[in-house]
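Per-entry structural report
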Amino acid sequence: MLWDSRRPDAMYRPLHRPLAAAALLLLLAAPAAATTFVGLDDGALADRAPLIVEARVIGLSPAPGMRPAIDYRLAVEASFKGGPAAGELVLRLPGGVRADGVGLRLLGVPALAAGERTLLFLRPQADGTYGLVDLVLGAFVIRGEGDAALAVRDLRPARRLVRGPRPRDGSRHLRRFGAWLRDRAAGIERPADYFVATPPPAADKYALFVSSTLPPPLGCGGGGGRTIRWTAFDDGGAVVWRRHDGGQDGLADGGAGAFAAALAAWSTAGTPVRLEDGGTTAATAGFERPDGVNALLPGDPNDELPGRFEGGGLLALGGVWFDCDELASWGGVEHHVAFESDVVVQDGVEDFLLASADPQAAAAELYGHELGHTLGIDHSDDPEALMYGAIHDDGRGAGLQRDDRDALRLLYGAAGAVEPPGEPPPAPAEVAAVLVEETAVELTWSHPRPADGVRIERRLEQGGFELVATVGGVERFEDSGLLPGVTYGYRLQAISPAGASPYSQEVEVATGGSLLPARPSNLRVAPTSPTSVFLSWQDNASDELFQRIEMRLDAPGDPWVALPAIAADARSASIGGLEPATGYRFRVRAAGLLGESPPSNVFAAATFAEDAGCTAAEDVLCLLGGRFAARVRWRNPRDGTSGTGSMIPSTDNTGEVWFFRPANVELIVKMIDGSRTNGYAWVFFGGLSSLEYWLTITDTVTGEVREYHNPAGTVCGQSDTLAFDFSAGGVAPPEPPPASPPERLPPAMVPPAKDGGCPADGLSLCLLGGRFRAQVGWRNQHDGGSEGLGRAVVTSDNAGSFWFFNPSNSELVIKILDGRRVNDHFWVFTGALSNVEYWLTVSDLETGVDRVYYNPPGEICGRADLTAFGDVVEPPGGPGGPDDPLPP
């Protein structure tokens, strides 16, 4: 994998951190290859991606067919461009191990793990799956939580090598990066303000080779843990390469001279390695299947590489074919036997070559670098090496440097020596393991012969040891992506072509955090028929594998029953097959690798009676035991369009309404049985939309109908405490006297300050990727002035609600929209379902600006603030406020 370091805007860092780690990397023993890139800045990457999402891996499986590829099932948690903020999709990446044990190793193609959070730049594929834009450039792993979360280009499975200090060069602050991507997608260009400052890497030079024991389809399972190596050279043989007869565009000889120079460079390095030029071929199998030909394929004839080279991005991908079951011993160590290789060059690379001062030398360096990978060598940390992680393009061509030769000798020995002589090395000494993150361990050791390799083995708790990696020329290694809250043991063994040392002493280290995922919260249940209910909740975990709903009858002593597992990203579910007019209790758990979370809050609900008059539908909301049916129709006066509202039930007395998409709530409706107070059913609704709409509620028992009209340009909700007569008589509650609005929430009621972004504390709504925080304090004038803080319930990335007294009774809903394409501001809408006094504080965590929206006692109007927040820090009393008019 290479990139062009000549470009000042090239911020790319390889996914597996070769620059921060390795002088020599022998390839993982799972499908093996390397990619070559020209640097691509984030703006160009974002522009190329039709879809940019934050997603969690919830499953993986081999792709259909005989071509090695892996399907990753992803749960979308946020969308920054081009797609919905929730749902599932499948990411298909090349490489892996087929059912017959044949593997294609593609180093530089990310390997994702179940439960891992990622930021992905995607493109749709013809088979209905998605691919990464420019492969390794389009994938980031998310490390950390909340405002400390970083997006890092490092998706190798659970390990990376470090040198000196642990640099995070190229890490991006996730929340700021997400906001920048949303702005870019909206046509708003601004400086990249999201890079995290990291110390420069140390000047030391290391070597590494790694072998994998990952299970199929990622690796060879129990047959893994070995490097990939050609055995033909051990008996004096050669590996023959051929060029596709279509030739390389941009070179007068089609690349013949550059490829011959690259083959010769590796064949004259003082090792048994011999690469021969076999001329041209018409074969184009590439990564589709082994075809018995080691081929250089310019122009990507099978369209196996995403897109086309256009000034930056993917240049080439080289791969090695091997069989998990075919092993050979050399130097006292078993290796996988490589039996075929291919190098695919991206179409459009002629633009890169023609821009070079010496196109022939640039092509020779490109080909030579990829050939090094097919021999089993990864990147060098020596800036002068051919295998260095950045292309030089200074006329040097394919010439090998000392570090390249050392790597080749480490893997193949010296020329003329099939088994190099010598004594086995001594065991590594002074082995230490230190926890550097909650789930990352740094190992250090000393060894008198740095050129020897060191095998690192690991065990979980009291289990057996398994090989993690084999490194050479280093005395430091980081093992990351571990399980939280467990103990790992490590032991090391030095190796050389002459044999292996005894094992070092064992060391143990306990990881931080908890094994169990965070528990779900804010569970709500709404009956939808005599035999069904609808559940919704807040998913607080990022590492669960699935979730489970538990239920029981609402009767003392009745046992909890676990229902079948549901998807890890689910935030709602419908349950059928229940008994009519029966009370139930529900709760939800998140399940991780080693256990389930504590349960969510318990919510009780009763199904409708068999004679309930309301039947729930997409456009019908059933309330108060199914007696009342609510419907909404709307009209947009600007363009004359109209439609019916779609319903999302929340509880037996509350529901949400959307007009255009589920994530964009426009209206919230609530009914309360006020028969004990005044004999009536009460109706409340709060709007988050300035469109004209009509709310119609029907009493299915009496046939009585009430219709409430919201004029265009109005966001003031309504309350009707005399809506439907439940019994004769009764007096409506008196209206409270008007009050003068204070300027600020009393200090004792201010939600606690939180540093470092929007907290997941149950009191805060974190909206638009965490840029905005909403909190509310209330005072109840009806009971003498009791006070409290609203409890937050997430609806979507841009909307949520608060309850004050009971989780089933929403009192306030808020929505924030990005209106900068209209008037350069973010818009805040609030809808009220309560006439108690409250103070809503919305904070822009990017600029530090706060907006306070006050609701006097007795009032139920919402707000529409279309100049709430700009993109600059404003002085106190700056533009924006609840009285700003709506646009015409």
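Residues numbered from 1 in each chain as written. Predicted model: local features only at pLDDT ≥ 70, side-chain atom pairs only at ≥ 80, totals over all residues. Heavy atoms only, no water.

Some thoughts on the overall build of the protein chain
Counting its secondary structure elements, the protein chain contains seven helices and 57 strands. When each of the 888 residues of the protein chain is scored for burial, the buried share is 58%. In the form shown here, the protein chain has an accessible surface area of approximately 32400 Å², with 52% of it arising from carbon and sulfur atoms. (Helix = DSSP H or I, 4+ residues; strand = E, 2+ residues; numbered from the N terminus. Buried < 20%, exposed > 50% of the residue type's maximum accessible area, 1.4 Å probe, protein only. Areas by Shrake-Rupley, 256 points an atom, 1.4 Å probe, with all protein chains shown as cover.)

Let's talk about helix α6 (residues 402-412)
The periodicity of an α-helix, 3.6 residues per turn, causes residues three or four places apart in sequence to face the same way. If you check which residues of α6 are buried, you get D403, D404, A407, L408, L411 and Y412. Taken down its axis, α6 places every buried residue within 150° of arc, on the same side. (Arc of directions from axis to C-beta.)

Some details on the sheet that holds strand β57 (residues 863-869)
Reading across the sheet, the five strands line up as β51-β52-β53-β54-β57 and stay open at both edges, with antiparallel pairing between neighbours. Every other strand in the sheet has two partners, leaving β51 (791-796) and β57 as the edge strands with one partner each. The mean inter-strand angle of the sheet, taken between neighbouring strand axes irrespective of direction, is 20°. As paired elements, β51 and strand β52 (residues 799-803) share five bridges and run antiparallel to each other. Residue V793 lies in a different strand from β52, and its bridge partner there is S801. (Pairing = 2+ DSSP bridges. Axes fitted to C-alpha atoms, helices over the stretch in contact; angles between N-to-C directions.)

A look at the side chain of N710
Tracing the chain through its elements places N710 in strand β46 (residues 705-710). Relative accessible area serves as the criterion here: at 0%, N710 is assigned to the buried category. Engagement of the side chain of N710 in a polar contact is seen with the backbone oxygen of L691, the distance being 3.2 Å. Not counting residues up to four positions away in its chain, the partners in contact with N710 are S689, L691, E692, Y693 and C716. (Polar contact = N/O pair within 3.5 Å; in protein donor to acceptor, adjacent residues only side chain to side chain. Contact = heavy atoms within 4.5 Å.)

With respect to the state of the cysteines
Going through the model one piece at a time under the given rule, you end up with one disulfide. A sulfur-sulfur distance of 2.0 Å marks the disulfide that ties C614 to C622. Residues C614 and C622 are joined through a disulfide that is left-handed, its torsion about the S-S bond being -80°. A relative accessible area of 4% places C622 in the buried class. (Disulfide = S-S within 2.5 Å.)

Some remarks on the pairing of strand β35 (residues 583-592)
Most of β35 is tucked away: eight of the 10 residues are buried. Note: strand β31 (residues 546-553) against β35, eight bridges, orientation antiparallel. Residue L553 lies in a different strand from β35, and its bridge partner there is Y584. Two elements, β35 and strand β37 (residues 603-606), share four bridges in a ladder whose sense is antiparallel. Its bridge partner lying in β37, R585 is registered against A604.

Concerning the nonpolar core
Core analysis: the biggest nonpolar cluster contains 47 residues, and W266, L275, Y367 and L375 have the highest contact counts within it. Looking at this core, the elements with two or more residues in it are β16 (239-244), α3 (256-267), β19 (313-330), β20 (333-345), α4 (350-354), α5 (359-374) and α6. Those residues in contact with W266 that sit more than four places away from it in its chain are V273, L275, G368, L371, G372, L375, I377, L386, M387, L400, D404 and L408. Of all hydrophobic cores here, the second largest spans 38 residues; its members include V665, W682, V776 and F802. (Core = buried A, V, L, I, M, F, W, Y, C linked by side-chain atoms within 4.5 Å.)

Focus: the packing of aromatic side chains
In the structure shown here, the tally under the stated rule is 26 aromatic pairs. Here the aromatic rings of F309 and F352 are separated by 6.3 Å at their centres, their planes lie at 75°, and the arrangement is edge-to-face. Taken together, the residues span a long stretch of sequence, with F309 in the loop between β18 (294-297) and β19 and F352 in helix α4 at a distance of 43 residues. Accessibility expressed as a relative area gives 3% for F309, which makes it buried. According to the relative accessible area criterion, F352 is buried, its value standing at 3%. Against the face of W330 rests R229, its NZ or CZ located 4.3 Å from the ring centre. (Phe/Tyr/Trp six-rings, centres within 6.5 Å; stacked < 30°, edge-to-face > 60°. Lys NZ or Arg CZ within 6 Å of the ring centre and 35° of its normal.)

Some thoughts on the side chain of N636
Mapped onto the secondary structure, N636 falls in the loop between β39 (628-635) and β40 (642-644). What makes N636 buried here is its relative accessible area of 12%. Not counting residues within four places of it along the chain, the set of residues in contact with N636 comprises T641 and L691.

Quick notes on the packing of α3 against α5
For any two helices packed against each other, the geometry comes down to the angle between their axes and how far apart the axes lie. Direction vectors running N to C along α3 and α5 enclose 45°, while the axes themselves pass 8 Å from each other. When the axes of α3 and α5 are compared, the pair comes out oblique. Note that α3 runs across α5; the crossing there is right-handed. Residues G257, A258, F259, A261, A262, L263 and W266 of α3 touch α5, and the partners they reach there are Q360, A363, A364, Y367, G368, L371 and G372. Of the residues contributing to the contact of α3 with α5, the split by class is 10 nonpolar, four polar and no charged. (Parallel < 35°, antiparallel > 145°, perpendicular 65-115°, else oblique. Left-handed = near helix turned anticlockwise from the far one by under 90°. Nonpolar A, V, L, I, M, F, W, Y, C, P; charged D, E, K, R; others polar.)

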